[in-house]
Amino acid sequence: MATAVQDTIAVDDAERDARWARLEMTARALAARFEERAKDGYDSGEFVGRNIRDLVEAGVTAVNVPRDMGGLEATLEENTRLLRIIAGGCGSTAFTLAIHAVLTGSMRSDLSVAVRERMFGAVRDGAFVVGPFTDEGSGGNWVRPSTTARRVPDGFVLDGLKHFATGYDAATHLVVTAGLDDEHLEPPFNLAAFFVEKPERGIEVVAPWSGFALPMTGSHSLRLDGLRVDADDSVFPDGLTPLFVMARQQWGHYCFAAVFLGLAERAYTLAVERTRGRSTTAVADLARLPGIQFAVARMRSSLATMDALLTEYATRHVDPGEDLPAFVADTCVPKYYITNEAEHVVATAFEVIGGSGIREGSRIGQIWRDVKAGPLLPFTNDMAREFIGKATLGISPVETPRWV
């Protein structure tokens, strides 16, 4: 599968800047295309497969390929910028892309040479990676999976039930988590992750996705039944996977926040466009009403704050340092604030647009539904508040018992 990123020679800075500028322009054009498609596919829950193919062909899915392999090696902040653009056109597409971005961006520096070559060689050539992490027995607590990995002579056998396998229909490769059946490794240190090509056997969709929010993501439930993986598919050394996961939590939190900020930015734009020059039976120009002006000012101020917060954290709060729990707590700040504040902005935009937003197929209606998912994604509001509060008060968020 050919993409725009096939070089095997490291790119220089000038070439990279030019390629990045073209990529951003392409992302904006694609977002407009995705918004048009969503008019027909949103209410039916049609999976965004065509959109993912367009992103692959444009090279967007390959932005995290390392520079020494011919890629752009996009920064975390650059990933969030792209996701905001795509979310303006389709929240489902942006969130599906976010999972791929988190996986390909967060593991660049931690992989063994063999897995790194396999993963990024595949991504450079058009692979799309998804991660079914959420387990039936442990939900969003990814470091304590209920899916098991049983050792066999040539690798592992995985069994379990995974939910929210976002983008599974478009996947060429998976990063699958499971708990090792090793008596020497207590949870969460028995967590393991495996990078595999999408298998033909040992995994099946048991509940097709149907969601109120982000309905086009294809976030199916999967059953793993005797799924065999090779020992070389293991991503991290035994016992260290949860530490690697925590040390890369910023990728999940900031990329997820970017999706919902992008939705709020589009809602604001729609509200302003809808208001200018619009009249009703009560007033000739809605833009002259103080309530409309105040609402627009409130939205603009909120968006500026969210933009500054995400840019600051995605630029400066990237490396974990020595205090890993405190770092994880720091990463919760933009995720918690932005996903909740984005809801307020979208609700205000909905009110400004008025009754036309209730009509089936309205873009603001789609955004209003999609933005509801933000606070529910890990770390949820309660967990984020706990981590932030405990870290601020000098209490370890991971000590046990958590509550006395």
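Throughout this document, residue positions are counted from 1 along each chain, in the order its sequence is written. The predicted nature of this model means local features are confined to residues of pLDDT at least 70 and side-chain atom pairs, given and counted, to a pLDDT of 80 or more, with totals for whole chains, interfaces and linings taken over all residues. Where side-chain values are given, they derive from all heavy atoms of the structure, hydrogens and water being excluded.

- An unreviewed UniProt entry annotates the protein chain as Acyl-CoA dehydrogenase family protein of Streptomyces sp. 900105245.

### Observations concerning the overall build of the protein chain
And step 1. Runs of E in the DSSP output that reach at least two residues are strands. Runs of H or I that reach at least four are helices, and both are numbered from the N terminus. For the protein chain, the helix and strand inventory stands at eleven helices and eight strands.
And step 2. For a compact globule of 404 residues, the expected C-alpha radius of gyration is about 22 Å, and the protein chain comes in at 22 Å, within 12% of that figure.
And step 3. Burial statistics for the protein chain: of 404 residues in total, 57% are counted as buried.
And step 4. Per-residue and other accessible areas were derived by the Shrake-Rupley procedure at a 1.4 Å probe size, with only the shown protein chains allowed to occlude residues. As displayed, the protein chain offers around 17700 Å² of accessible surface, 53% of which is attributable to carbon and sulfur atoms. Radius of gyration: over C-alpha atoms. The globule rule applied is 2.2 Å multiplied by the number of residues raised to the 0.38 power. Exposed residues in this analysis have more than 50% of their type's maximum accessible area, buried residues have under 20%, and partly exposed residues fall in between, with area computed by a 1.4 Å probe over protein chains only.

### A few points about helix H4 (residues 91-106)
And step 1. For H4, built from 16 residues, the straight-helix expectation of 22 Å at 1.5 Å per residue is met to within 8% by its first-to-last C-alpha distance of 22 Å.
And step 2. Counting buried positions over the 16 residues of H4 gives 16, a clear majority of the element. Under the convention used throughout, the expected extent of a helix is 1.5 Å for every residue step, that is, one less than its residue count.

### Comments concerning the nonpolar core
And step 1. Buried Ala, Val, Leu, Ile, Met, Phe, Trp, Tyr and Cys residues that are joined via side-chain atoms within 4.5 Å together make up what is termed a nonpolar core. Core analysis: the biggest nonpolar cluster contains 111 residues, and Leu 158, Val 175, Phe 194 and Phe 260 have the highest contact counts within it.
And step 2. Ranked by the residues each element gives to this core, the list is headed by helix H7 (residues 249-275), at 16 residues.
And step 3. Counting residues in each nonpolar core, the second largest holds ten residues, with Ala 247, Phe 327, Val 328 and Phe 379 among its members.

### Re the pattern of salt bridges
Oppositely charged side chains can form a pair if their charged atoms are brought close together.
And step 1. Salt bridge, as used here: a side-chain nitrogen of Lys or Arg that lies within 4 Å of a carboxyl oxygen of Asp or Glu. The tally for this structure, following the rule as stated, stands at 28 salt bridges.
And step 2. A salt bridge links Arg 84 to Glu 265; the shortest N-O distance between them is 2.4 Å. With Arg 84 in helix H3 (residues 76-89) and Glu 265 in helix H7, the pair connects residues that are 181 residues apart, well separated along the chain.
And step 3. Under the relative-accessibility criterion, Glu 265 is labelled partly exposed at 22%.
And step 4. Arg 228 is the partner of Asp 154 in a salt bridge, and the nearest nitrogen-oxygen pair spans 3.0 Å.

### Digging into the UniProt feature "domain: Acyl-CoA dehydrogenase/oxidase N-terminal" (unreviewed entry) in the protein chain
And step 1. UniProt positions are given in the numbering used here, feature names are shortened, and annotations may be inferred rather than shown by experiment. Mapped onto this structure's residue numbering, the UniProt feature "domain: Acyl-CoA dehydrogenase/oxidase N-terminal" (unreviewed entry) falls at residues 25-105.
And step 2. End C-alpha to end C-alpha, residues 25-105 measures 21 Å, and it is 69% helix and 0% strand.

### Quick word on the layout of surface pockets
Left-over empty space is what a probe sized like a water molecule reveals as it rolls over the atoms.
And step 1. Put simply, the largest pocket is a space of about 820 Å³.
And step 2. Of the two site types, the cavity is a set of points on a 1 Å grid over the protein atoms alone where a 1.4 Å probe fits but cannot get out, and the pocket is an open set with protein on both sides within 12 Å along at least five of seven lines, each lined by residues with an atom within 4 Å of a point. Together, 40 residues line the largest pocket, and Ile 99, Phe 133, Trp 142, Phe 256 and Pro 378 are the ones closest to its centre.
And step 3. Within the residue set of the lining of the largest pocket, elements represented by two or more residues are H4, strand E4 (155-165), strand E5 (173-180), strand E6 (191-197), helix H6 (241-247) and H7.
And step 4. Of the residues forming the lining of the largest pocket, the biggest block, six residues, is contributed by H4.
And step 5. If you trace the second largest pocket, you find 21 residues lining it, with Asn 141, Val 143, Arg 144, Phe 387 and Val 398 closest to the centre.
And step 6. Breaking the lining of the second largest pocket down by element, the ones donating at least two residues are H6 and helix H11 (381-393).
And step 7. No other element matches the four residues that H6 contributes to the lining of the second largest pocket.
And step 8. Class assignment of the residues belonging to the lining of the second largest pocket gives a composition of 15 nonpolar, four polar and two charged. Grid points are joined across faces, edges and corners, and a volume is the space filled by probe spheres set on the points. Residues are grouped as follows: Ala, Val, Leu, Ile, Met, Phe, Trp, Tyr, Cys and Pro are nonpolar; Asp, Glu, Lys and Arg are charged; every other residue, Gly included, is polar.

### Focus: unusual backbone geometry
And step 1. Here the residue pair Pro 187 and Pro 188 is connected by a cis peptide bond, since its omega of 5 degrees sits within 30 degrees of zero.
And step 2. Tracing the chain through its elements places Pro 188 in the loop between E5 and E6.
And step 3. Cis geometry is adopted by the peptide bond preceding Phe 379, which originates at Pro 378 and carries an omega value of -10 degrees.
And step 4. In this fold, Phe 379 is placed in the loop between helix H10 (363-371) and H11.
And step 5. The phi dihedral of Glu 73 is positive, around 50 degrees, even though this residue is not glycine.
And step 6. Within the fold, Glu 73 resides in the loop between helix H2 (49-58) and H3.

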